[in-house]
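Next come the chains, spelled out residue by residue.
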Amino acid sequence: MTLWEAVAVLLAGFAGGALNTAVGSGTLVTFPVLLATGLPPVTATVSNALGLIPGSVSGAYAYRRELAGQRRLLIPLCASAAAGGLVGSGLLMVLPPGVFATVVPVLVGLALLLIAVQPLLTRALRGRLTRPGGGLPLRIGLGLASVYGGYFSAGQGILYVALSGALLEAPLQRINALKNVLVAQVNAVAAGFFLIAADIDWPAALLIAAGATAGAPVGARAAQRLRPVALRVLILTVGTAGLLHMTLG
């Protein structure tokens, strides 16, 4: 890796950490940069997942006020996310590269649609599927989304926000805080698996980690100042840009 490539990876980590905390699609920035340095796709995915962990933890800490009093909710949701992340990271090791390429845009597109109609959907489902703790539908949905997150994390935070917003009776900022914890959980589980079973480019992972750790609090402060409508618009804007990038190359 050249000096300029290292600088690019560090800056991508900063932007990815900020976006992950605020919106949930930082991998859409970091992954292409890692590929541009010459890393194979699987090595880039693994190194990216490992590198983003400190940023995810930093982002979750920055949202600690919104997380207050949510321990009983977080424990079962984190368990579902961890199980899904472990399955997804295992699939990355055994399936041919690109297996999920056709379903990734569909999943992100559906998530963006859910976020767009979330206020209407929540009112329609209130008392039917929505629960203060999300209930079994949310745990199953987050587990399945985490399978994708463990396999390829681009847009996983958007999936979490969409599912939680539709099935959980909570303000959007609290849902964003939960998202950051779940992303950190899945990345940590996947990275633990990758440490044993995969090749990691440590310079790339460490550069991503340094940048993401610095960028995450910046993203958190920016997102926390936004009203729910503005935050939803930001998520939809970034998510749509990422979806176009994935589909159009």
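Higher on the page you've got the structure.
Residues numbered from 1 in each chain as written. Predicted model: local features only at pLDDT ≥ 70, side-chain atom pairs only at ≥ 80, totals over all residues. Heavy atoms only, no water.

Caption draft 1: Looking closely at the packing of helix 5 (residues 71-94) against helix 10 (residues 172-197). At their nearest, the axes of helix 5 and helix 10 sit 8 Å apart, and the two run at 40 degrees to each other. Viewed along their axes, helix 5 and helix 10 form a crossing whose handedness is right-handed. Residues Leu73, Leu74, Leu77, Cys78, Ala81, Ala82, Gly85, Leu86, Ser89, Gly90, Leu92 and Met93 of helix 5 touch helix 10, and the partners they reach there are Leu178, Val181, Leu182, Gln185, Val186, Val189, Ala190, Phe193, Phe194 and Ala197. (Axes fitted to C-alpha atoms, helices over the stretch in contact; angles between N-to-C directions. Helix = DSSP H or I, 4+ residues; strand = E, 2+ residues; numbered from the N terminus. Left-handed = near helix turned anticlockwise from the far one by under 90°. Contact = heavy atoms within 4.5 Å.)

Caption draft 2: Region of interest: the layout of surface pockets. Here the second largest pocket defines a volume of roughly 160 Å³. If you trace the second largest pocket, you find it lined by Leu107, Leu110, Ala111, Leu114, Gly141, Leu144, Ala145, Tyr148, Leu159, Ala162 and Leu163. Broken down by secondary-structure element, the contributors of at least two residues to the lining of the second largest pocket are helix 6 (103-116), helix 8 (135-151) and helix 9 (156-167). Split by residue class, the lining of the second largest pocket holds ten nonpolar, one polar and no charged. (1 Å grid on protein atoms, 1.4 Å probe; cavity = no way out; pocket = protein on both sides within 12 Å on 5 of 7 lines; lining within 4 Å. Points joined across faces, edges and corners; volume = space filled by probe spheres on them. Nonpolar A, V, L, I, M, F, W, Y, C, P; charged D, E, K, R; others polar.)

Caption draft 3: Broad picture of the packing of helix 8 against helix 10. Two elements in contact, helix 8 and helix 10, have axes whose closest approach is 10 Å; the angle formed by their N-to-C orientations is 50 degrees. Here helix 8 is positioned oblique relative to helix 10, judged by the angle of their axes. Two packed elements cross with a definite hand, and for helix 8 against helix 10 that hand is right-handed. Contacts between helix 8 and helix 10 involve Leu142, Ser146, Gly149 and Gly150 from the first element and Leu182, Val186, Ala190 and Phe194 from the second. Looking at the contact of helix 8 with helix 10 residue by residue, the class counts come to five nonpolar, three polar and no charged. (Parallel < 35°, antiparallel > 145°, perpendicular 65-115°, else oblique.)

Caption draft 4: Representation of empty space enclosed by the protein within the structure. One pass over the structure, following the stated rule, counts two cavities of 30 Å³ or more. A volume near 50 Å³ is recorded for the largest cavity. Elements represented by at least two residues in the lining of the largest cavity include exactly helix 3 (41-62) and helix 8. For the second largest cavity, the calculated volume is near 40 Å³. Looking at the second largest cavity, the residues that line it are Asn20, Gly24, Thr27, Leu52, Ser153, Gln156, Gly157, Val183 and Asn187. Listed by contribution, the elements that provide at least two residues to the lining of the second largest cavity are helix 9 and helix 10.

Caption draft 5: Representation of the nonpolar core within the structure. Counting residues in each nonpolar core, the largest one holds 64 residues, and the members touching the most others are Leu34, Tyr160, Leu182, Phe194 and Ile235. With eleven residues, the single largest contributor to this core is helix 10. Those residues in contact with tyrosine 160 that lie beyond four places of it in its chain are Leu142, Ala145, Ser146, Lys179, Leu182, Val183 and Val186. (Core = buried A, V, L, I, M, F, W, Y, C linked by side-chain atoms within 4.5 Å. Buried < 20%, exposed > 50% of the residue type's maximum accessible area, 1.4 Å probe, protein only.)

Caption draft 6: Up close: the environment of leucine 159. Relative to the helices and strands, leucine 159 is located in helix 9. On the basis of relative accessibility, which here comes to 9%, the residue leucine 159 falls in the buried class. Between the C-alpha atoms of leucine 159 and leucine 107, which are 52 residues apart in sequence, the distance is 7.6 Å.

Caption draft 7: Highlighting a nonpolar patch on the surface. Among the surface-exposed residues, Val106, Leu110, Leu113, Val117 and Leu120 lie close enough to one another that they form a single nonpolar patch of about 460 Å² accessible area. Among the elements that make up the nonpolar patch, the one with the highest residue count is helix 6 (three residues). By secondary structure assignment, the location of valine 117 is in the loop between helix 6 and helix 7 (118-125). Valine 117 sits in the partly exposed class, given a relative accessible area of 32%. (Patch = residues over 30% accessible without salt bridge, like charges linked within 9 Å, V, L, I, M, F, W, Y side chains within 5 Å. Areas by Shrake-Rupley, 256 points an atom, 1.4 Å probe, with all protein chains shown as cover. Salt bridge = Lys/Arg side-chain N within 4 Å of Asp/Glu carboxyl O.)

Honestly, that's just the spatial picture; any functional story needs more than this.
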